[in-house]
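Report on the structure
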Amino acid sequence: MHKKILLLGSGELGKELVIALKRLGQTVIAVDSYAGASAMQVADGFEVADMLNGEQLDAIVAKHQPDLIVPEIEAIRTERLYAYEQQHIQVVPSAKAANFTMNRKLIRDLASKELGLQTAKYFYAISFESFKKAVSEIGLPCVVKPLMSSSGKGQSVLKNLDDQQQVWDYAITNSRGDIQEVIIESFISFHTEITLLTVTQKNGLTLFCPPIGHRQERGDYQESWQPVAISEKDYNDACDMAQKVTSALTGAGIWGVEFFLTDNGVYFSELSPRPHDTGMVTLAGTQNLSQFVLHARAILGLPIPTIQLERAGASVVILANKTAETFSITGLEKALLQPNTDVRIFGKPSTRPYRRMGVALVNGTADADINELREKAKAAAACISIT
C-alpha cells in the first residue's frame, strides 16, 4: 500500500493533505513555484518549478516516477496530465477533471449544455467589443471572470456601464495560462452559497458531506460553516447535480462543488477536483473524517464506510494586509483562550495584501447556534495580528 505521490501545488490545502497521506504511510514530493511553500514543510521532498512549463513538469515526473500525481492548484500545464495517464500514472481525480475544471468554459459548457444543470445565463468574450455585446445581452449587474484563474483573481461584479473597460482589463490582466477570454454571467440573487463536498470512490458509492455555507469577498473565501440550513429538496437536487458532474469528469477523490441556493431552487456554480478552501471547517472536527482524510482514502482506494456530522463548526481566514518578507504573527495566546477554538498557521514565507496566512476554527455541539459559532470564529481570527 506504499505509494509515491507527486503533489502539484503546495499551499495550505496541500499541507493538510500531505499530513493525512503521511499518516497512511505514503511518500509525498511537494512541488510549487517557490521554496518554503506550506506543504513542502511536511513532505518527504520538494521541487521548485513553473508548473505552467510543460518541459519542467515532464522533467519532475521523469525524475520521481510517481505512482500518483495530485494537482492541488489550477495553474498547471494540465494537458500534460493525459500523457502521464498513458504512462500508467494515476492522475487525481483524472486528467479530464483537471483539464475541464481549470478552464471555466469547459466546465460550464459540460454542466449546462451536456448535463442540463441549472446555471446562470452566460456568454464568453475574447475582445472588449464582444464583452460589451455580452453585457448588453446579460444586463446589469453581471459577474465577470477570467476563464482561467483561481482564488477569485480577476473576478468582479459589473454594476455600472461606465466601469466596463476597468472590469474587462482586470479580468484579462489576472487571467492565467494562455487563454485571454472571460465569462460573463447573470447575477444570481441567492440567499446562501454552499459547498457540497462530494467523494467519488474507486470501489464504492459516491458520498456527500453535510453541506457547508460560505461567504466570499473579492471572489475568495472568507468564512465557512457546517452545517448550513438547506431544504431537503435543495439538498437532494444539489446531490443529484454533484453526482452527475463528478461522474462525467471521472476519477476518485474529493470534489468541492459550489451551488447558489435561491428562492427558485439550486444553481450550479463551480467545482474544484480537490479539497476545497471552504472545507477547512472540517478541521474543526465537524465530521468524523476531515476532507483531507477523505481525499487521501479515496485516491488510495481505501474504504470510507460513512461520513457523518459530529459537531457544528465555523472557520474564518486570517489575512495579511501588506507585502513583506519578514513578519511576526502574534495573538495566538489570546485567540486560544476560548474553549473549542483552534488555529492553523500555514507557515507561508512571505505576505501580501489579502494573502491567507492562517485560519481560526471553532466547534460546538451538532445543534449549536451556527451564527454564534461564526461570531466566535471571527473574534478568534481578530485576535491574531501579522506585523
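Just above, that's the structure.
Heads up: these notes are all about the structure in this document. Model, not experiment: these values are computed from the prediction.

Here we come to helix H6 (residues 128–138). Within H6, the full set of buried residues consists of Phe128, Phe131, Ala134, Val135 and Ile138. Taken end-on, H6 shows its buried residues confined to a sector of 115°, consistent with a single buried face. Residues Glu129, Lys133 and Ser136 are exposed on H6 and point more than 90 degrees away from its buried face. Turning to H6, the residues buried within the fold contact strand S6 (122–125), strand S7 (142–146), strand S8 (156–158), helix H7 (164–173) and strand S9 (182–186). Glycine 139 lies just past H6 and shows a positive phi near 90°.

For any pair of aromatic rings, the description rests on two quantities: the centre-to-centre distance and the angle between the ring planes. Taken as a whole and assessed by the stated rule, the structure comprises six aromatic pairs. Between the aromatic rings of phenylalanine 128 and tryptophan 168, the centroid separation amounts to 6.4 Å while the plane-to-plane angle is 55°, which identifies the pairing as tilted. One end of the pair, phenylalanine 128, is in helix H6; the other, tryptophan 168, is in helix H7, and 40 residues separate them in sequence. By relative accessible area, tryptophan 168 is classed as buried at 9%. Taken together, a centroid distance of 6.2 Å and an interplanar angle of 75° make the contact between phenylalanine 259 and phenylalanine 268 edge-to-face. Overall, phenylalanine 268 belongs to the buried group, its relative accessible area being 2%. A connected cluster of aromatic rings, assembled from ring pairs, spans Phe128, Phe131 and Trp168. One Lys or Arg, lysine 96, reaches over the ring of phenylalanine 100 and ends 5.5 Å from the middle of that ring. Note that arginine 218 overlies the ring of tyrosine 354, its terminal NZ or CZ placed 3.7 Å from the centroid.

What the rule picks out here adds up to zero disulfides. The thiol sulfur of cysteine 209 is not disulfide-bonded, and the nearest other cysteine sulfur, from cysteine 239, lies at 10 Å.

Let us now look at helix H8 (residues 232–249). The first and last C-alpha atoms of H8 sit 26 Å apart over 18 residues, in line with the 26 Å expected at 1.5 Å per residue. Looking only at H8, the buried set comprises Asp234, Ala238, Cys239, Met241, Ala242, Val245, Thr246, Ala248 and Leu249. Phi turns positive one or two residues past the end of H8, at threonine 250, with a value near 70°.

Conventions used here
- Starting from 1, residues in each chain are numbered consecutively following that chain's sequence as written.
- Totals for whole chains, interfaces and linings use all residues, but because this is a predicted model, local features are given only for residues with pLDDT of at least 70 and pairs of side-chain atoms are given and counted only at 80 or more.
- The side-chain values count all of the structure's non-hydrogen atoms but skip hydrogen atoms and water molecules.
- Under the scheme applied here, a residue whose accessible area is under 20% of the maximum for its type counts as buried, over 50% as exposed, and between as partly exposed, the area being computed with a 1.4 Å probe on protein chains only.
- Working definition: helices are DSSP H or I runs of at least four residues, strands are E runs of at least two. Numbering for both runs from the N terminus.
- Of all possible arcs, the one meant is that of the directions from the helix axis to the C-beta atoms.
- We call two residues in contact when some of their heavy atoms are within 4.5 Å.
- Centres within 6.5 Å are what make two rings of Phe, Tyr or Trp a pair, Trp counting through its six-membered ring; a difference in plane orientation under 30 degrees is then read as stacked, over 60 as edge-to-face, and the rest as tilted.
- We call a charge positioned over a ring when the NZ of a Lys or the CZ of an Arg lies within 6 Å of the ring centre and within 35 degrees of the ring normal.
- The definition used for a disulfide is geometric: two cysteine sulfur atoms within 2.5 Å.
- Here, expected helix span is obtained from the residue count minus one, scaled by 1.5 Å.

None of this, on its own, says anything about what the molecule does.
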